[in-house]
Amino acid sequence: MAYVKFWGVRGSIPTPGPSTSRYGGNTPCVELNYGGDNFFILDAGSGIRELGQHLMKLGKPVKSHIFISHMHWDHIQGIPFFVPAYIPGNQFIFHGAQEADLSLEDILADQMNPVNFPVQITEMSSKFEFEPMYEGEYKFEGIKVEAMYLNHPGYALGYKFYIKDKKVVYISDNEPYPVHPEATQDSDNLEQTVFVEDSNQRLINFTKDVDVLIHDAQYTPDEYKTKIQWGHSPYDYTVKVALGAKVKTLILFHHDPLHDDEFVDSIVEAAKKISWQAGSNMRIMGAEEGMEIPLD
Ligand SMILES: [Zn+2]
Ligand SMILES: [Zn+2]
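Since we're looking at a predicted model, the values are computed, not measured.

Caption draft 1: Here's a closer look at the overall build of the protein. When its secondary structure is counted, the protein shows six helices and 14 strands. What you see for the protein is a C-alpha radius of gyration of 19 Å, in line with the 19 Å of a compact globule of 296 residues. C-alpha extents for the protein along the principal axes are approximately 60 × 40 × 40 Å. Counting all 296 residues of the protein, 54% fall into the buried class. Considering only contacts in the protein between residues 6 or more positions apart, those separated by 24 or more positions represent 68%. Only carbon and sulfur atoms are counted for the fraction: they give 53% of the accessible area of the protein, which is about 13,200 Å².

Written out as structure tokens, the structure is:
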């Protein structure tokens, strides 16, 4: 059996409390099981702590690849609290985009420097490996994985996984590429206009016909107007990409810390309405902690 399971779905900062208890307050962490006890981990936000507790209860040795979308705190802050990483014999291979002058290992180690945390990454007793990724095609444990750069501050990657006959795409933090309609009137800017439109089309191509698309839908269209270049999507854009790509199941992800459960409900409903009005029967859900989607 293969499945996707959500351990953290909240963007930016953990938001515990009664108003967010249904969707959940932990920052991003998704388990992608590809059969038996084999699984990848997508992002290491505070949700990875719960996943760690679950793995400790199972009591088996753990080997997993951890795909980090990018190095913002909400995607790495759970690592120091991931108990299986302290167990000798366990093995974790970190993947992600590194900055031009900072290696993947340096970035992950730095959040645990002695000023910020009492235990250093080198003191965690499991085996760590660091394999930077770039846009392109890879194979890990026999699974084909494709990576694509996203529109988010710094270097951020979206990942596509080929699990048996299913395709799963994980795009945690991403923003629409700007399109300047007025520039089409101006031949000087024509090249740039074509480029940005191509970039949105590139995203649609990357997500073409996927079974499960997990994508940033942090804002309403109104909120987005004042948050351009913050690196997140209004839900209408996310739905448009998914409709363009003929995605089967769309999971709205990276909920805003200001949005309580009722507000996220309203975003999910509004997203469904856009899809329904376009004549699509795409399944749309808001990512919820503990939610599991079977892949076979
Ligand atoms: Zn984030
Ligand atoms: Zn981010």
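Caption draft 2: Region of interest: the environment of Tyr-177. Tracing the backbone shows Tyr-177 in the loop between β10 (166-171) and α3 (190-206). Along the primary structure Tyr-177 and Ile-143 are separated by 34 residues, whereas in three dimensions their C-alpha atoms are 30 Å apart.

Caption draft 3: Looking closely at the side chain of Asp-173. Structurally, Asp-173 can be placed in the loop between β10 and α3. No salt bridge is formed by the buried Asp-173, whose closest oppositely charged neighbour, Arg-10, lies at an N-O distance of 12 Å. Looking at Asp-173, its side chain comes within polar contact range of the side chain of His-70, at 3.2 Å. Leave out the neighbours within four places in its chain, and Asp-173 touches His-70, Asp-74, His-75, Leu-150, His-152, Asp-216, Gly-231, His-232 and His-254.

Caption draft 4: Examining the nonpolar core more closely. Grouped together as the largest cluster of nonpolar side chains are 31 residues, with contacts concentrated most on Phe-6 and Ile-214. At the level of elements, β1 (2-8), β2 (29-35), β3 (38-42), β8 (143-149), β9 (157-163), β10, β11 (212-216) and β12 (249-253) are the ones that each hand at least two residues to this core. By residue number, the principal contributor to this core is β9, which donates four residues. When residues no more than four places from it in sequence are discounted, the contact partners of Phe-6 are Cys-29, Val-30, Ile-214, Ile-251, Phe-253, Ala-287, Glu-288, Glu-289, Gly-290, Met-291 and Ile-293. In terms of nonpolar packing, the next biggest core, distinct from the first, is built from 27 residues, Ala-245, Leu-250, Leu-252 and Val-268 among them.

Caption draft 5: A look at the sheet that holds strand β5 (residues 91-96). On the basis of which strands lie adjacent, the open sheet formed by seven strands has the order β6-β5-β4-β3-β2-β1-β14 and mixed pairing. Both outer strands of the open sheet, β6 (127-132) and β14 (292-294), are each paired with one neighbouring strand and no more. Averaged over all adjacent pairs, the angle separating strand axes in this sheet is 20°, with direction ignored. Where β5 and β6 come together, six bridges link them in parallel fashion. Of the residues in β6, the one forming a bridge with Gly-96 is Pro-132.

Rules and cut-offs
Residues numbered from 1 in each chain as written. Chains lettered and ligands numbered in written order. Predicted model: local features only at pLDDT ≥ 70, side-chain atom pairs only at ≥ 80, totals over all residues. Heavy atoms only, no water. Helix = DSSP H or I, 4+ residues; strand = E, 2+ residues; numbered from the N terminus. Rg over C-alpha atoms; globule rule 2.2 N^0.38 Å. Buried < 20%, exposed > 50% of the residue type's maximum accessible area, 1.4 Å probe, protein only. Contact = heavy atoms within 4.5 Å. Areas by Shrake-Rupley, 256 points an atom, 1.4 Å probe, with all protein chains shown as cover. Lys, Arg positive; Asp, Glu negative; His and termini not counted. Salt bridge = Lys/Arg side-chain N within 4 Å of Asp/Glu carboxyl O. Polar contact = N/O pair within 3.5 Å; in protein donor to acceptor, adjacent residues only side chain to side chain. Core = buried A, V, L, I, M, F, W, Y, C linked by side-chain atoms within 4.5 Å. Pairing = 2+ DSSP bridges. Axes fitted to C-alpha atoms, helices over the stretch in contact; angles between N-to-C directions.

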